[in-house]
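Structural description and commentary
Below, each chain spelled out in residue letters.
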Amino acid sequence: ANASAQVGGVKLTAEARSGRELFGEHCAVCHTLGAANAIGKVGPNLDQVRPSKSLVLHTIANGCLPNATAATQNEACLGQGVMPSEVVTGKDAQDVASFVAEAAGH
């Protein structure tokens with residue numbers, strides 16, 4: 001139980017612990033994030049990007065398209081692939097964003 005409550009010595013909040021499981025189910029296939037033992041190659045390496053919670057929430061809500069035009073600027077992304085919008089929603093999206101923001105780079 002203690003191992004799942006921490007990442008790299010950082011104690012995760014309850015929200016982030018829930019987000020860790022959701023990340024594994026919905027995000028790990030595309031993204032690299034050491035705290036989730038994820039080694040995806042399509043999306044950006046979140047340990048390198050270290051995105052804020054607000055950026056993660058924005059990307060989850062809007063998805064992303066490579067080479068987004070000015071008309072689709074909300075859908076601009078950092079990776080090579082295409083991410084659909086609303087992969088997770090509501091509290092699940094909040095939990096995933098908390099986990100990524102707390103754990104990335106640790």
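Okay, so let's go over this structure. These figures come from a predicted structure and were not determined experimentally. (Residues numbered from 1 in each chain as written. Predicted model: local features only at pLDDT ≥ 70, side-chain atom pairs only at ≥ 80, totals over all residues. Heavy atoms only, no water.)

A look at the packing of helix α3 (residues 53–62) against helix α4 (residues 90–103)
For clarity, the cut-off: As a rule, the C-alpha atoms of each element are fitted with a line to give its axis, helices using only the stretch in contact, and angles between N-to-C directions run from 0 to 180 degrees. Helix and strand assignments come from DSSP, with helices taken as H or I runs of at least 4 residues and strands as E runs of at least 2, each series counted from the N terminus. Roughly parallel refers to an angle under 35 degrees, roughly antiparallel to one over 145, roughly perpendicular to one between 65 and 115, and oblique to any angle outside these ranges. Should the near helix be turned counterclockwise from the far one by less than a right angle, the crossing is left-handed, whereas a clockwise turn marks it as right-handed. Contact criterion: two residues are considered in contact whenever any of their non-hydrogen atoms come within 4.5 Å of each other. Gly falls in the polar group here, along with every residue not listed as nonpolar (Ala, Val, Leu, Ile, Met, Phe, Trp, Tyr, Cys, Pro) or charged (Asp, Glu, Lys, Arg).
One way to put it is that α3 packs onto α4 with a least axis distance of 8 Å and a crossing angle of 135°. The orientation of α3 relative to α4 falls into the category oblique. Between α3 and α4 lies a crossing whose hand is right-handed. Between α3, through K53, V56, L57 and I60, and α4, the contact on the second element is made entirely by A93, Q94, V96, A97, S98, V100 and A101. A breakdown of the residues in the contact of α3 with α4 according to their chemical character gives 8 nonpolar, 2 polar and 1 charged.

A few points about the side chain of S98
Rules: Only protein chains enter the accessibility calculation, which uses a 1.4 Å probe; a residue whose area is less than 20% of its type maximum is buried, one above 50% is exposed, and one in between is partly exposed.
Relative to the assigned elements, S98 resides in helix α4. Judged by relative accessible area, S98 falls into the buried class, the value being 4%. Excluding residues that lie within four positions of it along the chain, S98 makes contacts with E15, A16 and K53.

So, the packing of helix α1 (residues 14–26) against α4
The N-to-C vectors of α1 and α4 enclose an angle of 100°; their axes lie 7 Å apart at closest approach. With respect to each other, α1 and α4 are oriented roughly perpendicular. Contact residues: E15, A16, S18, G19, R20, L22 and F23 in α1; D92, Q94, D95, V96, S98, F99, V100 and E102 in α4. Looking at side-chain class alone, the contact of α1 with α4 contains 6 nonpolar, 4 polar and 5 charged residues.

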